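# Examination of the molecular architecture
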Number of protein chains: 2
Amino acid sequence: MPHPRTGFAALDQSHIAALSTLVGPDRASTKRADLELHARDQSFHPQRPPDLLLMPETTEEVSQIMRYANAYRLPVTAWGAGTSLEGNSIPVRGGIMIDFGRMNRILNVHPDDFQVDVQPGITRLELNKSLARYGLFFTPEPGANATIGGMIANNASGIKTIKYGATKDNVLRLQVVKADGEVIQVGTRARKDSSGYDLLHLFVGSEGTLGLITEATLKLAPMPQEFSAVLASFEDVASAIQAVVEIVGAGLEPTALEFVDKETVQALNTDKGLAFPAAPTVIMEFIGSGEGEGLQAAMDICKSCGATQWASARGTEERNKLWEIRHHTYESLVRQHPGMAQKILDVCVPVSSYPELVSYSDEVLKQHRLLGYKFGHAGDGNLHINIVHDPADDEHHERVEAANALIVRRALALEGTATGEHGVGIGKRQFMLEQLGPAVNLMRQIKDILDPHGILNPGKIFLDEG
Amino acid sequence: MPHPRTGFAALDQSHIAALSTLVGPDRASTKRADLELHARDQSFHPQRPPDLLLMPETTEEVSQIMRYANAYRLPVTAWGAGTSLEGNSIPVRGGIMIDFGRMNRILNVHPDDFQVDVQPGITRLELNKSLARYGLFFTPEPGANATIGGMIANNASGIKTIKYGATKDNVLRLQVVKADGEVIQVGTRARKDSSGYDLLHLFVGSEGTLGLITEATLKLAPMPQEFSAVLASFEDVASAIQAVVEIVGAGLEPTALEFVDKETVQALNTDKGLAFPAAPTVIMEFIGSGEGEGLQAAMDICKSCGATQWASARGTEERNKLWEIRHHTYESLVRQHPGMAQKILDVCVPVSSYPELVSYSDEVLKQHRLLGYKFGHAGDGNLHINIVHDPADDEHHERVEAANALIVRRALALEGTATGEHGVGIGKRQFMLEQLGPAVNLMRQIKDILDPHGILNPGKIFLDEG
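So, here's what we can say about the structure. Nothing here was measured: the structure is a model prediction, and the numbers come from that model.

How each quantity is defined
Residues numbered from 1 in each chain as written. Chains lettered and ligands numbered in written order. Predicted model: local features only at pLDDT ≥ 70, side-chain atom pairs only at ≥ 80, totals over all residues. Helix = DSSP H or I, 4+ residues; strand = E, 2+ residues; numbered from the N terminus. Buried ≥ 20, exposed ≤ 12 C-beta atoms within 10 Å, placed from the backbone. Contact = placed C-beta atoms within 7 Å. Axes fitted to C-alpha atoms, helices over the stretch in contact; angles between N-to-C directions. Parallel < 35°, antiparallel > 145°, perpendicular 65-115°, else oblique. Left-handed = near helix turned anticlockwise from the far one by under 90°. Pairing = 2+ DSSP bridges. Nonpolar A, V, L, I, M, F, W, Y, C, P; charged D, E, K, R; others polar. Expected span 1.5 Å × (residues − 1). Arc of directions from axis to C-beta. Least-squares fit on C-alpha atoms with pLDDT ≥ 70 in both.

### Digging into the environment of I184(B)
- Along the chain, the position of I184(B) falls in strand β9 (residues 183-187).
- On the basis of neighbour count, I184(B) is assigned to the partly exposed category, with 19 C-beta atoms found within 10 Å.
- In the structure, I184(B) is positioned 223 residues away from I407(B) in sequence and 39 Å away in space, judged by C-alpha atoms.
- Dropping the residues within four chain positions of it, I184(B) is found in contact with G437(A), P438(A), A439(A), L442(A), V176(B) and K178(B).

Below you can see the structure in the form of structure tokens.
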């Protein structure tokens, strides 16, 4: 029997034949093109194709696959849309890849409960398009068009978290297939629940290492009729963050509260032909047309915190124009540096430490001779840095990794986390012991209960899986 | 060695001497009066005093107590304010009671982060009094003046959950002493965190059965300047709940959205000399003085849903008067039935099933010849029923328990939960297998990892602990 953390059984022809029979030949593939499509996510971790691709259509099929894989010690990785950013969905030990693309249905809409039951393979945009007729939407908004299963597995969040919470705050119930094939339900459709241990949140953010999500009940919110927005430029980051703190403190409840650094504004100006001041900038969005007192109060706060320039956008149309600058940041930055790779850092700290984290990051980038664009969900203390590097230059890449490690360690020293929303995957494993201390053993014990043979997404979250 | 789920070592004189030395003699007691004070909560489960009361002042002392208790297999129960409602804090196997009353300090206020670090023994009202100077408050508002440790252990919630979430949504970081005395940290001070398994929420709501909370970082909200309110009476429960759904759907974001049945209104009228219509009633509260469009929109919705009467309260002073009816419900009902006990039921369902749950409850009460007052947090689907009974009459008490079981089972059939906010304790153990199915085994496995000798609050949550 191979050791669960160091070796697995090889996926031989008899396994491939048996597993393919479980889903039918049209939903199983060993074609190189199909496997290569599931070999990487949006990160720069080494690619690795799976040995077999399966596309189940039912929970029962997923259960049968797991029962087989568990009996024969075969690695199993789940696939949503491949948009993760820390290598979370790369099948580093090969084996079986379960692509949930065929389990992408909306099962029930409960409009009066502000809930929907879905299969995991539906994407965020598909779901919200279908929900529009009810005037409802699923609020978490990461940049990518991820699947709901992937968002739950990674506890994705994004721009609207300050108002509506992360994915974990918007999931009520899950159906999960365990490593041994058993199907369990966790959570209920009630909005509140105090019935014992919170098993629901144990699976949210577990990155497919504890079980496979086959159904979810999601909380929805009424889609606001109108939005308004403010963009304000500041002399320094400390003043910008003071405005962020005061806007939250005034109870203005923005739906977004974003930071963009001066380098990013410059890049966006160039890419989009805009002329915003090249300065630390806060962009915020509010529900409502902006005709009430809220928008004016936000602008007054920005001014009193030393904003040097500001622009407001009343109504959704004007808001959309103002949001251009933030919504297409990633694409704009990529276009500004053709042929170069961009490592996207993801750390999160208490909001009051944001200026310190930003200025420390500037120092680190300078010391390591790196170009980085800083922006993020300032209202949540979540900072991203896109560090530009030449993917073919190992020495360059090493400098990026060294800078990343220093910035993560400073976030931990500031009582923050190594990852605000991208998850641990491969890239953040090295920081878990530092962040969690002895609690890392508890994570390991929980993993060993649920997946005693270590077959579920091996090589993720835990450093001891090699 | 005694079996962990059936027997423990007796707490003999040598244990008492050794344990008393750990905290000093002035903070250890075997006096009957002290023990009796920790023998019951606010429920009617049988009283049982502990054998030894300890009042540690530091995490290190708690750790030493646990190390000793774990080595000698002594039961340990934690005590906050004794306000739980399902027997959660009754030391049913005797042993050591740890009263956190001396660990009641605010450790740090982080006003710019909207956070506070506290010890577990501080009460909700003490905490909020201290936070008032910062214009901030800890939002969960159960009826009782519980301690923060107790609120976290039971995932308490209450009236403001519809707006701000339950306790579990407002805790960011915990320091926990494990059964073996090890001190771990779970969560961080960052508002968002995707660093592996959600260990934080595993401890929230675990009722002192997985570890003892010795520190917590809580999320705070800015205290609104003004409130307004609406009270509306309806012909039937279905119309009342339709108004609840439409108010949420319109994005009006009430801070409370409460249901009170006609019997409760009558009792309150009598107790307080009020003259509200005896009818299914919805009481809602909004941030702001009510001069804007929100309050009018809420009233218009109530009218369009068939409200027969309504009253609005503009500004905090008027709101307070209107809220009388809901805020003192429990005390009013107790005064109406001197000498009688009141069993408080707690179930939660999807909001759209609330009318069905209420009408089924009426039937059950009638069949069982019981008087019950129904009210609750309708916006969350959380229903309470105060069932009046004679504590000295066993047959009466049996009818109450039979009615409770039927109502809980209907809540489960409606995809809800056996407990929205009071926890499992002793009273809801019998429903866990029905609600959770095979997931109950996962709860047991997690318990066995963290507390292999079963010494932490034995006899709670799990039916197999006798």
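### Quick look at the packing of helix α1 (residues 13-23) of chain B against helix α3 (residues 59-72) of chain B
Residues and elements named next belong to chain B.
- Direction vectors running N to C along α1 and α3 enclose 165 degrees, while the axes themselves pass 9 Å from each other. Classified by the angle their axes make, α1 and α3 are roughly antiparallel. The way α1 lies across α3 gives a crossing that is right-handed. Residue-level inspection shows H15, A18, L19, L22 and V23 of α1 in contact with α3, the latter providing E61, Q64, I65, Y68 and Y72.

### As for the sheet that holds strand β5 (residues 106-110) of chain A
Residue and element names in this part refer to chain A.
- An order of β5-β6-β10-β8-β9 is seen for the 5 strands of this open sheet, with the pairing classed as antiparallel. Two strands bound the open sheet, and with one partner strand each, they are β5 and β9 (183-187). With strand direction ignored, the average angle separating the axes of adjacent strands in the sheet is 15 degrees.
- Relative to strand β10 (residues 212-219), strand β8 (residues 171-177) is paired through 6 bridges, and the arrangement is antiparallel. Looking across to β10, one finds that L174 is bridged to A216.

### What about the interface of chain A and chain B?
- Contact with chain A, which involves 71 residues of that partner, is made by 71 residues of chain B.
- Counting only elements with at least two residues in the side of chain A that touches chain B, the list comes to β9, α7 (199-203), α8 (237-249), α15 (432-436) and α16 (439-450) of chain A.
- A per-element tally of the side of chain A that touches chain B places α16(A) first, with 6 residues.
- Its residues placed into classes, the side of chain A that touches chain B shows 28 nonpolar, 29 polar and 14 charged.

### Notes on the pairing of strand β18 (residues 382-389) of chain A
All names here are of chain A.
- Most of β18 is tucked away: 7 of the 8 residues are buried.
- Bridge count for strand β16 (residues 341-348) against β18 is 8 bridges, and the pairing is antiparallel. In the sheet register, K343 faces β18, and the bridge partner there is I387.
- Here 7 bridges tie strand β17 (residues 371-377) to β18, and the two strands are oriented antiparallel to one another. Counterpart to H377 in the pairing with β18 is N382.
- Hairpin geometry of β17 and β18 is characterised by an intervening segment of 4 residues between the two adjacent antiparallel strands and by a positive phi of about 75 degrees at G381.

### Structural notes on helix α13 (residues 354-367) of chain B
All names here are of chain B.
- The terminal C-alpha atoms of α13 lie 20 Å apart, and with 14 residues this matches the ideal 20 Å at 1.5 Å per residue to within 8%.
- The set of residues buried in α13 consists of Y354, L357, V358, S361, V364 and L365. The arc that holds the buried residues of α13, viewed along the axis, is 125 degrees, so those residues lie on one side. Away from its buried face by more than 90 degrees, α13 exposes K366 and Q367.
- Elements that come into contact with the buried residues of α13 comprise α8 (237-249), β17 (371-377), β18 (382-389) and α14 (394-413).
- Where α13 ends, the next residue or the one after it, R369, has phi of about 50 degrees, a positive value.

### Describing the relation of the copies chain A and chain B
- Expressed as a screw operation, the relation of chain A to chain B combines 0.0 Å of axial shift with a rotation of 180 degrees, fitting to an RMSD of 0.0 Å. Viewed as a symmetry operation, the transformation between the two copies matches a two-fold axis.

### Thoughts on the sheet that holds strand β16 (residues 341-348) of chain B
All names here are of chain B.
- Here we have 7 strands laid out as an open sheet, ordered β15-β12-β14-β13-β17-β18-β16, and antiparallel in their pairing. Edge positions in the sheet fall to β15 (307-313) and β16, since each has one partner strand and no second. For this sheet the average axis-to-axis angle between neighbouring strands, irrespective of direction, equals 15 degrees.

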